[in-house]
Amino acid sequence: MNQPSKFFRYSMFGLLYFAQGSVLSYFTALNAIYLLSFNISMSKIGLISGIALTPFILKIFLGILSDKVNLFHLGHRKPYIVIGLLLQAGCLLIVPFVNPGKDFPLFGILAFLVMTGMALYDTTTDGLALDTTPESEMGHIQGVMVGGRALGVVVLSGLIGILAQKVSWQAVFWLLAVLTLIPLLFVLKFPEPPRKAEQKFTWSAFSAFKHWPIIALGLLGALYSLIINAANEIINPFLQSNFGISVLMAGFFTTVWGVGVIIGGITGGPLIDRIGQKRAAQIALAISFISVVIFSFVNSLTIAWVIVFIFGLAFGYYETVYFAISMKKSDPRIAASMFSILMAVANIGTGIGLPIAGVLTDGIGFQWTFVVIACLNFLSIPLLPAIFGSGKSQ
């Protein structure tokens, strides 16, 4: 079976993650504004957000399904990706015709289905990348995917606001549906390779999670996610408290951060493949520490623009490093399952880090909170020998 070119593969994976970032930009930034226009209470908006995120808790089971079941004998990845994209696009086309003020339960169901579609194609896209990416390209492909998702968030965050204000919310949802369908053109042309004998699903492969190197990798994921997301959460409040930035200015800072994430992911991927994952992880720890602790010394808004961009670079690079390491360490027999579990552990770190950042800020102030968060990177240092062994490079 002839495999598509590297450019085709990279474009497909990048577009799949761009579609994901585009829809996430709506749900994370503008869904509340949309619902408030229908006089929906904040408690109900919070309920919708919780419902919408539920499918991502189920990603582990979707990974197991994909690893185990060759759907309709069409493949372990491709049919699931197609179904996920069609489900997301179809629901986005329907959403504008539902009045949340009158049909709140129906809107909640549609939100759940949109995110279920996303969780399905997200999990199986990761699985397809794991199945088809040679070890020498793992950094490249993760850089493309991290950069693609960040690009979707950055571009659509501004574009959605303009469309909603100047045209209509219907135009917003239909644009998101179209962006969802674009990668489908690539997926349908992608020949999923048959699974090799060493990729045959077996429950015994889950015993990998009893081994210290994988446990250490999970702990590294939780720590990295805790650190970068905890710091990210308090950057705009810090700038607002110290320099009185407006909401509009906070949006511009977020855009600068997003551009940094894109560049960090796209340029970091090739660097990882060139210098090795162990060395790349060591660099990630160093730049994570520097890019967070330096906020405690920011004394002017001009410097803040530069530091926020540098933090974005570190954010994108560190994500790419962790994802690439997780790709390499995932057992091919349970590739999608294992990768999704490692991502879930990282998400637990985020869930712990966000409230910790808030509590610390109230107790010791922004400057010292940045110092404390930055110093958590030192906890990751003893995990690296467990993950990579004592060799100089891997």
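Notes on the structure in this doc start here. Values in this document were obtained by computation on a predicted structure and should not be read as measured data. (Residues numbered from 1 in each chain as written. Predicted model: local features only at pLDDT ≥ 70, side-chain atom pairs only at ≥ 80, totals over all residues. Heavy atoms only, no water.)

**Quick look at the nonpolar core**
Counted only if it meets this: Nine residue types can take part in a nonpolar core, namely buried Ala, Val, Leu, Ile, Met, Phe, Trp, Tyr and Cys, and a core is a set of them joined through side-chain atoms within 4.5 Å. Here the term buried applies to any residue with accessible area under 20% of the maximum for its type, exposed to any over 50%, and partly exposed to those in between, with areas from a 1.4 Å probe on protein chains only. Secondary structure counts use DSSP, requiring at least four H or I residues in a row for a helix and at least two E residues in a row for a strand, with both numbered from the N terminus. Throughout, a contact is declared for two residues whenever any of their heavy atoms are within 4.5 Å.
The biggest cluster of nonpolar side chains holds 121 residues, and the ones touching the most others in it are Tyr26 and Phe295. Ranked by residues supplied to this core, first place goes to helix H8 (residues 212-243) with 15 residues. Beyond its immediate stretch of four places on either side in the chain, Phe295 contacts Ile235, Phe238, Ile307, Val308, Phe311 and Phe370. Residues Leu62, Leu71, Tyr80 and Leu120 belong to the second largest nonpolar core, which totals five residues.

**Looking at the environment of Gln88**
Turning to its location among the elements, Gln88 is positioned in helix H4 (residues 78-94). Among the residues examined, Gln88 registers a relative accessible area of 0% and is labelled buried. The spacing of Gln88 and Ile307 is 219 residues in sequence and 36 Å in space, taken between C-alpha atoms. Contacts of Gln88, omitting those with residues within four sequence positions, involve Ala19, Val23, Val114, Met118, Tyr121 and Thr180.

**Observations regarding H4**
Note on helix geometry: an α-helix contains 3.6 residues per turn, so any two residues three or four positions apart are oriented the same way. Here is the rule: One less than the residue count of a helix, multiplied by 1.5 Å, gives the span that helix is expected to have.
The end-to-end C-alpha distance of H4 is 25 Å, a good match for the 24 Å that 17 residues give at a rise of 1.5 Å each. Along H4, the residues classified as buried are Lys78, Pro79, Tyr80, Ile81, Val82, Gly84, Leu85, Gln88, Ala89, Cys91 and Leu92.

**Thoughts on the packing of aromatic side chains**
The condition is simple: Stacked, tilted and edge-to-face pairs are distinguished by plane angle, under 30 degrees for stacked and over 60 for edge-to-face with tilted covering the rest, among Phe, Tyr and Trp rings (Trp via its six-membered ring) whose centres lie within 6.5 Å.
Taken as a whole and assessed by the stated rule, the structure comprises 26 aromatic pairs. Both rings, one in Phe238 and one in Phe295, keep their centres 6.4 Å apart while their planes meet at 85 degrees; by these two values the pair is edge-to-face. Remark: Phe295 occurs in the loop between helix H10 (277-293) and helix H11 (301-329) and Phe238 occurs in helix H8; sequence separation between them is 57 residues. Overall, Phe238 belongs to the buried group, its relative accessible area being 0%. With relative accessibility at 0%, the residue Phe295 sits in the buried group. Judged by centre distance (3.8 Å) and plane angle (10 degrees), the ring pair of Phe253 and Trp305 falls under stacked. Placement of Phe253 in helix H9 (residues 247-275) and of Trp305 in helix H11 is noted, with a sequence separation of 52 residues between them. On the accessibility criterion, Phe253 (1% relative accessible area) is buried. Note on Trp305: relative accessible area 29%, which makes it partly exposed.

**Some thoughts on the environment of Phe173**
Secondary-structure assignment places Phe173 in helix H7 (residues 169-189). The spacing of Phe173 and Ile94 is 79 residues in sequence and 8.7 Å in space, taken between C-alpha atoms. What Phe173 contacts, discounting residues up to four positions off in sequence, is Tyr26, Tyr34, Leu92, Val95 and Pro96.

**Structural notes on the environment of Trp212**
Tracing the chain through its elements places Trp212 in helix H8. Between the alpha carbons of Trp212 and Ile387 there is a distance of 8.0 Å; along the sequence they are 175 residues apart. Here Trp212 is in contact with Leu219, Leu383 and Ala386, once residues within four sequence places are set aside.

**Looking at the layout of surface pockets**
Operational definition: For cavity detection a 1 Å grid was placed over the protein atoms alone, and a set of points counts as a cavity when a 1.4 Å probe fits there but cannot get out; an open set counts as a pocket when protein lies on both sides within 12 Å along at least five of seven lines, with lining residues being those that have an atom within 4 Å of a point. Grid points are joined across faces, edges and corners, and a volume is the space filled by probe spheres set on the points. Ten residue types, Ala, Val, Leu, Ile, Met, Phe, Trp, Tyr, Cys and Pro, are classed as nonpolar, four, Asp, Glu, Lys and Arg, as charged, and the remainder, Gly among them, as polar.
Taken as a whole, the second largest pocket spans an internal volume of roughly 220 Å³. Contributing to the lining of the second largest pocket are 13 residues, with Leu130, Asp131, Thr133, Gln199 and Pro332 lying nearest its centre. At the level of elements, helix H5 (104-132) and H11 are the ones that each hand at least two residues to the lining of the second largest pocket. In terms of residue class, the lining of the second largest pocket is built from five nonpolar, four polar and four charged.

**Observations concerning a nonpolar patch on the surface**
Which entries qualify depends on this criterion: Note that patches include only residues with greater than 30% relative accessible area and no salt bridge, and the join distances are 9 Å for like charges and 5 Å for nonpolar side chains (Val, Leu, Ile, Met, Phe, Trp, Tyr). A 1.4 Å probe and the Shrake-Rupley method give the accessible areas. Residues count as covered only by the protein chains that appear here. Take a side-chain nitrogen of Lys or Arg and a carboxyl oxygen of Asp or Glu: if they are within 4 Å of each other, that pair is a salt bridge.
Where nonpolar side chains cluster on the molecular surface, the patch consists of Leu93, Ile94, Phe97 and Trp174 and spans about 410 Å² of accessible area. Looking at Trp174, the relative accessible area reads 35%, which means it is partly exposed.

**Observations regarding the pattern of salt bridges**
According to the stated counting rule, one finds nine salt bridges in the structure shown. Where Glu137 meets Arg9, a salt bridge forms, and the shortest distance between an N and an O atom there is 2.8 Å. Of this pair, Glu137 sits in the loop between H5 and helix H6 (138-166) while Arg9 sits in helix H1 (residues 6-36), and the two are 128 residues apart along the sequence. The exposure classification of Glu137 matches that of Arg9, with both residues buried. Its salt-bridge partner being Asp131, residue Arg77 comes within 2.7 Å of it at the nearest N-O pair. Placement of Arg77 in the loop between helix H3 (59-68) and H4 and of Asp131 in helix H5 is noted, with a sequence separation of 54 residues between them. The class of Arg77 is buried, set by a relative accessible area of 0%.

**Considerations on empty space enclosed by the protein**
Take a probe with the size of a water molecule and roll it over the atoms, and the empty space left behind shows itself. Here the structure, examined in full by the defined rule, presents one cavity of 30 Å³ or more. In this model, the largest cavity occupies a volume close to 50 Å³. If you trace the largest cavity, you find it lined by Tyr26, Phe27, Leu92, Val95, Phe107, Leu110, Ala111, Val114 and Phe173. Counting residues per element, the ones that place at least two in the lining of the largest cavity are H1 and H5. At four residues, the largest contribution of residues to the lining of the largest cavity is made by H5. A per-class count over the lining of the largest cavity returns nine nonpolar, no polar and no charged.

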